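# Chains, contacts and geometry: an overview
This is what each chain is made of:
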Amino acid sequence: MMERFYNPVLVKELKLRFRSFKSFSGLMFYLAVLCIFIAGFLLLTTEFTGRGFFRPETSFMMFAVLTILQMALVLFITPSLTAGAISSEREKQTLNILLTTTQSSTQIVIGKLLSSVAFLVLMLVAGLPLYSLVFLFGGVSPSQLISIFLFYLVTVVAIGSIGVMFSTITKRTIVAMIATYGSIIFLGGITAFFFFLTMAFHQMGNAIGTGASFMTYFWASINPGALMLTLISPEMGDALAELSGVELPVWITYLIAYVFIIVLCLTIAIKKLRANMKSNR
């Protein structure tokens, strides 16, 4: 039974990644940025005296900014871990050897993806002790923290799948990395632009605006930043539902959209992995 789920590619990648000094130096940099932020926030709040009251409202603000900062760091790091999953093997001329083993294309692609996601999950778990300060002063419920980390996990797997797909269909790691960062810019920036554009049309109340309600909801529901804000502050989700007239919670649409992205990207990567090998002959 265990042999069916055993993935040699995943085991090899995990050993190489977790024994690498580069990986743990990246983890140290990640935690250092978070610690510097927390220390700076506490100093500013106490006016550099180290004494004073820390109200729940201030604790909630620290939680919101820490969540946004952590998400920005994760989105910045993910392409560097996944965009070279297949293309780096091609550049080292070891891909053909890997493909001649008994491992299927699915095992290779999933193994590469899960090894990267495992390290990203380690980074998120390593940052959990910093959230203890938030619970110490109150203002945030455990359910909010759990929902935020589930949101992180879905987003990381989706971005990782995009990176693995581009790493499979392109020959150079730098090209795959640029394409992955471009996808992040689209999901985080371009969708936000379209959200504000459709919201402006909606508020104008003209013929164009009457059909823009659903599009306002759609662009917000696939934007990681918008979903994160609705999880941090549920009132924003209620305001979006009132504005767009769509009662479906944003997180459900987000989950459906990103699961579709994961399945589509992994399917393309699996189909193209050996097809590219045949075309290079």
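Residue numbers here run from 1 along each chain, matching the order of that chain's written sequence. Reporting in this predicted model follows two pLDDT cut-offs: at least 70 for local features of residues, and 80 or more for side-chain atom pairs to be given and counted; totals over whole chains, interfaces and linings ignore these cut-offs and use all residues. Heavy atoms throughout the structure, all of them, feed into the side-chain values; hydrogens and water do not.

A few words on the overall build of the protein chain. Broken down by element type, the protein chain carries 15 helices and 0 strands. Note on exposure labels: buried denotes an accessible area under 20% of the residue type's maximum, exposed denotes more than 50%, and partly exposed covers the range between, all computed with a 1.4 Å probe on protein chains only. Within the protein chain, the fraction of its 281 residues that count as buried is 44%. By the convention used here, residues are in contact when the closest approach between their heavy atoms is within 4.5 Å. If you take every contact in the protein chain between residues at least 6 apart in sequence, the share linking residues at least 24 apart comes to 82%. For the area figures, the Shrake-Rupley method with a 1.4 Å probe applies, and any residue is considered shielded solely by the protein chains shown. Counting only carbon and sulfur atoms, one obtains 73% of the accessible surface of the protein chain, whose full area is about 14900 Å². Each helix is a run of H or I in the DSSP string that is no shorter than four residues. Each strand is a run of E no shorter than two, and both are numbered from the N terminus.

We now examine helix 2 (residues 8-18). Where helix 2 is concerned, the buried positions are Val9, Leu10, Glu13 and Arg17. Buried residues along helix 2 cover an arc of 95° about the axis, so they all sit on one side. The arc in question is formed by the directions pointing from the helix axis toward the C-beta atoms.

Attention now goes to the nonpolar core. Residues grouped as a nonpolar core are buried Ala, Val, Leu, Ile, Met, Phe, Trp, Tyr and Cys residues, joined through side-chain atoms within 4.5 Å. By size, the foremost hydrophobic cluster in this structure holds 71 residues, and its most contacted members are Tyr30, Phe63, Tyr131, Ile148, Phe151 and Tyr152. At 12 residues, the largest contribution of residues to this core is made by helix 9 (residues 142-169). The contact partners of tyrosine 152, leaving out residues within four places of it in the chain, are Thr67, Gln70, Met71, Leu124 and Tyr131.

On to the side chain of threonine 253. Looking at the element boundaries, threonine 253 is found in helix 15 (residues 250-279). Look at threonine 253 and you get buried, because its relative accessible area is 16%. Apart from the residues within four sequence positions on either side, threonine 253 is in contact with Tyr217, Ser221 and Leu248.

One side-chain nitrogen of Lys or Arg within 4 Å of one carboxyl oxygen of Asp or Glu is enough to make a salt bridge. All told, the structure shown has 5 salt bridges when counted by the stated rule. The partner of lysine 12 in a salt bridge is glutamate 13, and the shortest N-O contact between them spans 3.1 Å. Under the relative-accessibility criterion, lysine 12 is labelled partly exposed at 34%. Among the residues examined, glutamate 13 registers a relative accessible area of 9% and is labelled buried. Notably, a salt bridge pairs lysine 12 with glutamate 89, separated by 3.7 Å at the nearest N-O pair. Of this pair, lysine 12 sits in helix 2 while glutamate 89 sits in helix 5 (residues 87-91); the two residues are 77 residues apart in sequence, bridging distant segments of the chain.

This next bit is on the UniProt feature "transmembrane region" (unreviewed entry) in the protein chain. UniProt positions are given in the numbering used here, feature names are shortened, and annotations may be inferred rather than shown by experiment. On the UniProt side, "transmembrane region" (unreviewed entry) is annotated at positions that read residues 27-48, 60-86, 113-137, 149-169, 175-202 and 252-270 here. The span residues 60-86 is 85% helical and 0% strand by assignment, and the distance between its end C-alpha atoms comes to 41 Å. For residues 149-169, helix accounts for 100% and strand for 0%, while the C-alpha atoms at its two ends are 30 Å apart.

Let us now look at the environment of leucine 42. As for its position among the elements, leucine 42 is in helix 3 (residues 21-45). Judged by relative accessible area, which is 27%, leucine 42 ranks as partly exposed. Residues leucine 42 and threonine 58, spaced 16 residues apart in sequence, show a C-alpha to C-alpha distance of 9.9 Å.

Take the layout of surface pockets next. Over the atoms, a rolled probe matching the size of one water molecule traces out where space is still vacant. One number sums up the size of the largest pocket: a volume of about 700 Å³. Lining the largest pocket are 26 residues; nearest its centre among them are Arg17, Lys22, Ser23, Ser80 and Leu81. Mapped by element, the contributors of at least two residues to the lining of the largest pocket are helix 2, helix 3, helix 4 (56-82), helix 5, helix 7 (105-126) and helix 10 (173-204). Looking at the lining of the largest pocket, the element that brings in the most residues is helix 3, giving 6 residues. Residue polarity follows a fixed list, in which Ala, Val, Leu, Ile, Met, Phe, Trp, Tyr, Cys and Pro are nonpolar, Asp, Glu, Lys and Arg are charged, and the others, Gly among them, are polar. In the lining of the largest pocket, the residues fall into 11 nonpolar, 8 polar and 7 charged. The pocket and cavity definitions rest on a 1 Å grid over protein atoms only: a 1.4 Å probe that fits but cannot leave marks a cavity, an open set with protein on both sides within 12 Å along at least five of seven lines marks a pocket, and residues lining either have an atom within 4 Å of a point. Grid points are joined across faces, edges and corners, and a volume is the space filled by probe spheres set on the points.

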